[in-house]
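# Residue-level structure breakdown
Listed below are the residues making up each chain.
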Amino acid sequence: MTKRPKVAGILLAAGRSTRFGSEDKLLAPFRGAPLVTHAAKALARASSERPIAVCASRDVTRLLPEFKCIEVDGSSRLMSDSLAAGIAAARLSSAQSALIVLGDMPLITTELLNEVLDLATDQMGAAATTGLHPTPPACIPLHLFGTSSEAPSDSGARAILANLPPSQLVEPDPCLLRDIDTQDDLADLDF
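It should be emphasised that the depicted structure is a prediction, and the values quoted were computed from it without experimental measurement.

Attention now goes to the overall build of the protein chain. Counting its regular elements, the protein chain contains 6 helices and 9 strands. Looking at the protein chain residue by residue over its 191 residues, the buried ones come to 48%. For the protein chain, long-range pairs separated by at least 24 residues make up 70% of all intrachain contacts whose partners lie at least 6 apart in sequence. Of the roughly 9,200 Å² of accessible surface on the protein chain, a fraction of 52% belongs to carbon and sulfur atoms.

Printed below as a string of structure tokens:
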């Protein structure tokens, strides 16, 4: 059995929530806890090291005491900004790869994260798939993001995931990969 590369868990939790309404969707109650805490708990259980959270809200940061929180500017919360901040923090550790989880995917499980981790190597990433396309959670070797002076972009991460062969993809129950963008998404999921 191949030894897992050292992996930095990265929770991307700095979205603007524009389609959700005036409140921060990551703070919205879901099954008795703020939405972001569900993905955070799954990632914390799957991480052997202290995970990283990229946040734009101090309220979200306060919910994640077990994470090394990196705060990004609230006015420019593009996913590429969050990803770049998380990858930069991962590079400061001795991690070889990053396990990327989105804070608005509350049904992600530790088991799914471990399946993705088990497929990843120091040369080849792994990700979940809807059956149509790869999606986070994803484990990506840091060297695939380029040099440390290059900021990873959304399109760069998508290109890395798009090039993964089928052998590097885990296809879970599609419900686990649902993310929350709107109030209706949350209501539909909270059954």
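Another aspect to go through is the pattern of salt bridges. With the rule as written, the count across this model stands at 5 salt bridges. A salt bridge links Asp181 to Lys25; the nearest nitrogen and oxygen atoms lie 3.5 Å apart. Of this pair, Asp181 sits in the loop between strand E9 (169-170) and helix H6 (183-189) while Lys25 sits in the loop between strand E1 (7-13) and strand E2 (29-30), and the two are 156 residues apart along the sequence. The class for Lys25 is buried, based on a relative accessible area of 9%. Between Arg62 and Asp59 there is a salt bridge, and its shortest N-O distance comes to 2.4 Å.

Grouped together as the largest cluster of nonpolar side chains are 62 residues, with contacts concentrated most on Ile10, Leu11, Val54, Leu64, Leu99, Leu113 and Phe145. Considering every element that reaches this core, the biggest residue donor is helix H1 (residues 35-46), with 7 residues. Contact partners of Leu64, with chain neighbours within four places excluded, come to Leu11, Ala40, Ala53, Cys55 and Cys69.

Attention now moves to helix H4 (residues 110-119). Every buried residue of H4 is listed here: Thr110, Leu112, Leu113, Val116 and Leu117. One face of H4 carries all of its buried residues, which in axial projection span an arc of 160 degrees. Across from the buried face of H4, at angles greater than 90 degrees, the exposed residues are Glu111 and Asp118. In this structure, the buried side of H4 is in contact with E1, H1, strand E6 (97-102), strand E7 (126-129), strand E8 (134-141) and E9.

Turning our attention to the sheet that holds E6. In a beta sheet, neighbouring strands are held together by backbone hydrogen bonds and run either parallel or antiparallel to one another. One open sheet holds the 7 strands; their spatial order is E5-E4-E1-E6-E8-E7-E9, and the pairing between them is mixed. At either margin of the open sheet sits one strand with a lone partner, and together these are strand E5 (68-71) and E9. Examined bridge by bridge, E7 and E8 share 4 bridges and lie antiparallel to one another. Each bridged residue has a counterpart across the sheet, and for Ala126 the counterpart in E8 is Cys139.

So, on to the side chain of Thr61. Among the structural elements, Thr61 can be located in helix H2 (residues 58-62). Not counting residues up to four positions away in its chain, the partners in contact with Thr61 are Cys55, Cys69 and Glu71.

Parameters at a glance
Residues numbered from 1 in each chain as written. Predicted model: local features only at pLDDT ≥ 70, side-chain atom pairs only at ≥ 80, totals over all residues. Heavy atoms only, no water. Helix = DSSP H or I, 4+ residues; strand = E, 2+ residues; numbered from the N terminus. Buried < 20%, exposed > 50% of the residue type's maximum accessible area, 1.4 Å probe, protein only. Contact = heavy atoms within 4.5 Å. Areas by Shrake-Rupley, 256 points an atom, 1.4 Å probe, with all protein chains shown as cover. Salt bridge = Lys/Arg side-chain N within 4 Å of Asp/Glu carboxyl O. Core = buried A, V, L, I, M, F, W, Y, C linked by side-chain atoms within 4.5 Å. Arc of directions from axis to C-beta. Pairing = 2+ DSSP bridges.

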